[in-house]
Structures are given as C-alpha cells and as structure tokens.
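# Descriptive analysis of the structure
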Amino acid sequence: MMDTMEERYLSLEIERVDLVCGVNNVEHHTELNGVDRLVVRRGQPFTMTLHLRPGTAFKLGASINLIATTGPEPSEVMDTAIKFGLNKFISPARWSATAELKSESAVSLTVCSHPAAPIGLYQLALDQGTGVSLCQFVLLFNPWCKRDSVYMVKEAERQEYVLSQDGLIYRGKPKCISELLWTFGQFEPGILNICLKVLDQSLKHLQDPIQDCSDRRSPVYITRVLSAMINSEDDKGVLVGNWSGNYEHGIRPTAWKDSGSILRQWYNQKCRAVEYGQCWVFAAVACTVSRALGIPCRVVTNYGSAHDTNSNLVIERYYNKFAEDISDDAIWNFHVWVESWMTRPDLQLGYEGWQASDPTPQETSDGVFCCGPVPVRAIKEGDLSAKYDAPFVYAEVNADVVEYAILDDGSTVKIDSSTTEVGQCISTKAVGRDEREDITHLYKYPEGSEEERQVFEKANHQNRLIQNEEEPGLKLKIKVNPSMMVGSDFDVYAQVKNNTDSKKSFRLTFYAQAVTYNGKLGETCGLTVLFSCGPAGVKAVLRLQYSMYGKAIAQEQMVRLVALLIDKETKEFHRATKTIVLDSPSIDILIQGDPKVGQPIMVEVMLQNPLPELLENCVFSLQGANLTDSTATSNEVGSVGPKELATAELEFTPMVSGRRKLVIDFNSDKLSSIQNFKNLVIEE
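Residues numbered from 1 in each chain as written. Predicted model: local features only at pLDDT ≥ 70, side-chain atom pairs only at ≥ 80, totals over all residues. Heavy atoms only, no water.

Every buried residue of helix H7 (residues 259-268) is listed here: Ser259, Gly260, Ile262, Leu263 and Trp266. Projected onto a plane normal to the axis of H7, the buried residues spread over an arc of 165° and lie on a single side. Near the N-terminus of H7, the side chain that reaches the backbone nitrogen of Gly260, with its oxygen 3.2 Å away, is that of Asp258. Following H7 by one or two positions, Lys270 adopts a phi angle in the positive range, close to 60°. (Buried < 20%, exposed > 50% of the residue type's maximum accessible area, 1.4 Å probe, protein only. Helix = DSSP H or I, 4+ residues; strand = E, 2+ residues; numbered from the N terminus. Arc of directions from axis to C-beta. Polar contact = N/O pair within 3.5 Å; in protein donor to acceptor, adjacent residues only side chain to side chain.)

Structure representation (structure tokens):
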C-alpha cells in the first residue's frame, strides 16, 4: 500500500486517501519497516486524510460506519470483522474512530484498534452498502500500550527486546563462555511479510484458518505456533535440525549469523525448510519473528542443559565396563531457547512476565514438536501443572543427575549423584549493553538450598509420567492418583516389582507424614507393612484418611510418602519418597453486568466446602488495582457445612478504565489462602 491512493470512490465522493505513513509509523515505532505502507500497533490511534471530490461536503455528526476485517473469512463472532462508528473521542479499550474537517475537501479520520485485537493484515472500509475500501494496514502487538498483553514498562527494555536488530548469543561452557553476534534483522525489507507468511503456513491455520486468525489476539498462542513453525518436523516450518555432523546438502549451522537470510531462503523456495539449524539458530529465528510481530523477546542460553527422555526429572547416566556412557538421557553443554514477555490470563497471578519457549525439536507436545510458552516463575517454583510443557523445561534447568555402573551380570550399581550439574550460568544479553546477564536466579533457587530441594520435591509430585524400564531384582516405586482433593479419603500406592522368577521375602514399610514448605516433618498420618511377593510383584495400598491427615498437615497441604524395603535374602535396601500437594477447591466468579468507570457492580462468588466438617469464620475478599481503594472489600459468610456451597456478593466501583485483574480470596479456620482471579475490561 502506497502512502496515497489515487483511486476514486464515486459513490462516497472520495477522491483519494493519504495514510500519512511517515507520521503514523514513527508514532507506532514501526518506521524501520519503511514508510511505504501503514504498519501500526494495536490499542494506539493512527490518522489518515480523506480527500473528497470537488464539490463534496462532509457533515460532521453524520452516521458513518467503518469496518475492519482480517483473515480469509472475517466474522463478527470471531472478532475478525469489527464494525464501529464515529465517536466524539477515541476509546482506548475498543475499536473506535473520530473525524475532523480539515478543509472543505479534506477530512482527518483517526482510528484506534482494540488493544487485544488479533494481529495481522487488515482491510479498513467505509461500511455503507457494498462498502468502500479505505486502506490496508498491518496490525502488530504493542509493548508501548498498557492495555496490551505484551506491555513493558521500561523504555530501555522495549528498545532492547523489540527494536534492537542485533544481539549476542552465548555458547561454550560455563568456564569458557563464548559470544556469537547475531543480526536479527526484524525490520529488514520483506521480513514482516515473511513473518506473517510463517503464521499462515502453520498447521493451526491450515486446519482452521478462521479460528487461527481469531486466536492471533493472544501472544501465548502466537508464541506456541512459532515454537512449532521454526522447526520443520510437523509442518512447513522454517528450519531442518541436524546434529549428525554431515551437512552436505545444506549449510552447516555454525555458518549462519543472521535470521534474514534464513527467512528469505525459506520464503523464496516456496516455504520449503532451510537446511540446517541447531538450537541457537532455531532460537535466533524465533526471536526475529517474535520481535517483528511486536512480542518482546530475548535469546537465553542454559549451560548443562538436561534432555530428560523419560520425564522423571532425573538424568540417569549408565556406564558400561569400558566407562562408555550408554544413557538415553543427555546433558547438553549448552542449549538455547527464547523468552517472550506477556501476561498469562490463562494462569494464576504471578505468572506474567517472561515465558520460556523452545523451537528446537526435541520432544512432542500435544502431538507436535513444540515447547512452551511456560512462565519462568513456574519453573522456579516447580509448578509442573503450568502450561505449557513445564516438566520438560524444569528438567532442562533443574534435573538431578544419577550415575550407574552396569556390571557383567547386567545389574547396576549407583556410583554417583549430583544436584548441581544441570542448569548453570543461564545467560542472556544485558539491556543496552553488550554484556552477559546471568538470569539463573529467575529459573531456580540457589543450588543446594532448602528452597531448591523443596521445589524439586513439589515438581516430582506433579510429574506423573510413568517410567517403563525393567531391570533385574526388586524395584520400588510410589504412585499417586491425578486428583487428591483435600478433605477426601484416597489411596496411594507403593509398587514392588519382582523382576525375577522366584518368590521374594522382604519387609516393606509404607507411611505418610505431614511436611511443611521448608521441609520440616510433622505427624505420621498413615502406615502399612508388607512382607513378601510372588514373581509378579505386589502393590501396597495406603489409605490416607482425612480424619488422620487433616489434623496433621500445614497450610501448604503437603504430605511426604516414604516406602522402605529390605530384601531379606540379599540384604539390599530400597527407598522411595514422594511429596504430594493436596488439591484445593476453586472459587467461581460471576460478574453481574458490564464494568464501567464510576458505576458500582456486583460480583457473585462461590466455593464448595470439600471437607467432611464445618468451616467457620469464612470470609471472601475482593481486591484489584484501580478496582478498590488500598483495602480489600470483604464479606463474612460465617459457617459453611460439609460439602455445602459458600456464596457471597461483593461490590466494587472501578476507578480507571482498561484491562484489570479482579482477585478473590477465601479464608476460613481450616482452609485458607484460596484464590482465583478474573480479567476485566473496564469501559469508560
């Protein structure tokens, strides 16, 4: 689209449209894309001039409607076709427009998109009868817009993570870190079009283009699509991975120094994957595409990066009699991925900010070779339930390492272990400086600290993927159910596998004990003992009853399971432990009406008491920035019977428009610190 359009619109008396790209693109921080077409960011106004045919009069206040459309089949239901009229003022929270008569033959039209509108290529038209096209523009994410989910507060960070076209990628080893200068080139000619093409070639788009274009409102969705599309394992992705050392039919990964060459080659050869890439190349290209689309992004290097093939959060190394490592698990000298900055309305409070995603094809996720985005904070806290692929990323930075020697008879002997080998010197380029910034503390607590060990145990509880390895002798494993709601009685299991052909005599003690967040052990709340098993093995069942564990557990609702087994014949000792975190009930939130500034609004909240006993001193509390004053609004419910529903109505009056988080807390004598939230868009 050129800066002016010389086409005549006879039906609407418009002679041409001046998009004023030189001004708009500067104001939207997109001028580096050029000024020959309109590239704007969502949630921010842009202005064009409508030049009328001679003799045509434009009356302010007239009923004139506009329509903005994106995607192959625009739909109002999917928010890919948006109709809106002229207003007196621009609204920052929705699509809106204003008009001002500049002269007898020129009208200044200002348009602002919704701050959560889908990104992509748009058509803007006057919605009168058949519709008259005004212009075409590209809409991007907006880190400068407070209502956009990729908003960054600091200008220096926006300059680094959105506008900077070059950077440093770190490789080597922790004691010998090397720098690779990389040109991201997100504003080079043609790159933005190629980045949009990458989205259009994704499996999501090819399978359901209507839904895909609607989902492009979310940087979480876009980042996950890019994680799959930068590699070519499942789709028409950008790069072929190759770690063989044979690069005869392509370019060796170490030869690449910029993303533009790779993206242009992919585009010019009709979306056929470029040969070849390795982790830092995949990450660099993903960073380029993310920044081009307006998502703040940085490249991150992890030294001693674990590839946990059996998803047990432990890297198991096996050495034969020749001291050769014959393990399936691996620890890379370094591995590179990206972090992208965004809110996570799909997750709990505190998980906004940097999200790790890994475009290097290692393992599948939802059947596709992709990984993330997952909050870096969730990795640090060991929350493996957080979307997406938290167990894999957690293992990359925090897996324990256990080494075994394989004896001549095929048996194994543990020879060493380490809790510090994995996840060292996690690095990225510093803001505004060509220096390395160590961000290990964002991913993990200090190695060997009580917090680091407690987080590892929490992660081990949440990771319920089953190992299938069979080895000689007695093997002991603890298994738990996927759902363990506080207040219920449930079974946990200590499974003894007898991988021999004979009956085994042993003593198995399986017990449960309350434990606090800092590892302090409390009362025992369950015990069972077994003495023998046949060739098929045996499963010890321990029934955890609320009448026992309810009075023992602390606020964290954590229980430590311990199984101790002694083989009476061989005198071998086996031990298995697992720390479980009991599930809490959820709070349902119902907003009664559309929130508007200065107008009171009611919120209905509900929570079912999961306990088989009375809850007393029950209180719901409401809070949120610019939704209440500095104190929370509370409603004392009183007592709630067993399995009964606690309900309350809370009132608040929004003080400021825009996107806000409404936070609801529930506390009582036996259940506390239960929280849920709801994202709101406050209208003027």
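What follows deals with unusual backbone geometry. Residues Gly372 and Pro373 are joined by a peptide bond in cis, for which omega reads 5°. As for its position among the elements, Pro373 is in the loop between strand S20 (368-369) and strand S21 (374-375). Put simply, Lys387 and Tyr388 share a cis peptide bond, and its omega is -5°. Following the sequence through the fold, Tyr388 ends up in the loop between helix H9 (376-381) and helix H10 (390-398). The residue Asp366 is not glycine, and still its phi comes out positive at about 55°. Position of Asp366 among the secondary structure elements: in the loop between strand S19 (364-365) and S20.

The next subject is the environment of Cys112. Tracing the chain through its elements places Cys112 in strand S8 (residues 106-112). Accessibility expressed as a relative area gives 1% for Cys112, which makes it buried. Setting aside chain neighbours within four positions, we find Cys112 in contact with Gly43, Gln44, Pro45, Ile90, Ser91, Arg94, Trp95 and Ser96. (Contact = heavy atoms within 4.5 Å.)

What follows deals with the pairing of S8. Judged by how many residues are buried, S8 sits mostly within the fold: seven of seven residues are covered. The pairing of strand S4 (residues 46-52) with S8 spans six bridges and is classified as antiparallel. The residue of S8 that forms the bridge with Met48 is Leu109. Note that strand S7 (residues 96-103) and S8 share seven bridges and pair antiparallel. Across the sheet, residue Glu100 finds its bridge partner in S8, namely Ser108. (Pairing = 2+ DSSP bridges.)

As a further point, take the sheet that holds strand S33 (residues 588-592). Reading across the sheet, the three strands line up as S33-S34-S37 and stay open at both edges, with antiparallel pairing between neighbours. The outermost strands of the open sheet, each flanked by one partner alone, are S33 and strand S37 (645-652). Between one strand axis and the next, the sheet turns through 20° on average, direction left out of account. Pairing geometry for strand S34 (residues 601-608) and S37, over eight bridges, is antiparallel. Within S37, the position partnered with Ile601 by the bridge is Phe652. (Axes fitted to C-alpha atoms, helices over the stretch in contact; angles between N-to-C directions.)

In the UniProt entry, the feature "binding site: Ca(2+)" (unreviewed entry) is given for Asn398, Asp400, Glu447 and Glu452. A maximum C-alpha distance of 11.3 Å is found for the annotated residues, which run over 55 residues; spatially they form one tight group. By the element assignment, Asn398 lies in helix H10. Asn398 gets classed as buried once you look at its relative accessible area, which sits at 3%. Setting aside residues no more than four positions away along its own chain, Asn398 makes contact with Val422, Lys444, Glu447, Glu452 and Phe456. Excluding residues within four positions of it along the chain, Glu447 makes contact with Asn398, Thr419, Thr420, Val422, Gly423 and Glu452. (UniProt positions renumbered as here; feature names shortened; annotations may be inferred.)

So, on to the packing of aromatic side chains. On inspection of all chains with the given rule, the structure shows 15 aromatic pairs. With 6.2 Å between their ring centres and 40° between their planes, Trp280 and Phe334 make a pair best called tilted. A residue pair is termed long-range when its members are at least 10 positions apart, and Trp280 in helix H8 (residues 279-293) and Phe334 in strand S17 (residues 330-342) qualify at 54 residues. For the pair shown, Trp280 and Phe334 are each scored as buried. Measuring from centroid to centroid gives 5.5 Å for Tyr546 and Tyr549, while their planes differ by 85°, and the two rings are edge-to-face. Of this pair, Tyr546 and Tyr549 both sit in helix H13 (residues 546-549), three residues apart, which is roughly one turn of the helix. Of the two residues, Tyr546 and Tyr549, both sit in the buried class. These aromatic residues form a ring-pair network of at least three members: Phe46, Phe84, Trp95, Tyr122 and Phe137. The side chain of Arg171 reaches across the aromatic face of Trp280, ending 4.7 Å from its centre. Between Arg291 and the ring centre of Phe184, over which it is positioned, the NZ or CZ distance is 4.7 Å. (Phe/Tyr/Trp six-rings, centres within 6.5 Å; stacked < 30°, edge-to-face > 60°. Lys NZ or Arg CZ within 6 Å of the ring centre and 35° of its normal.)

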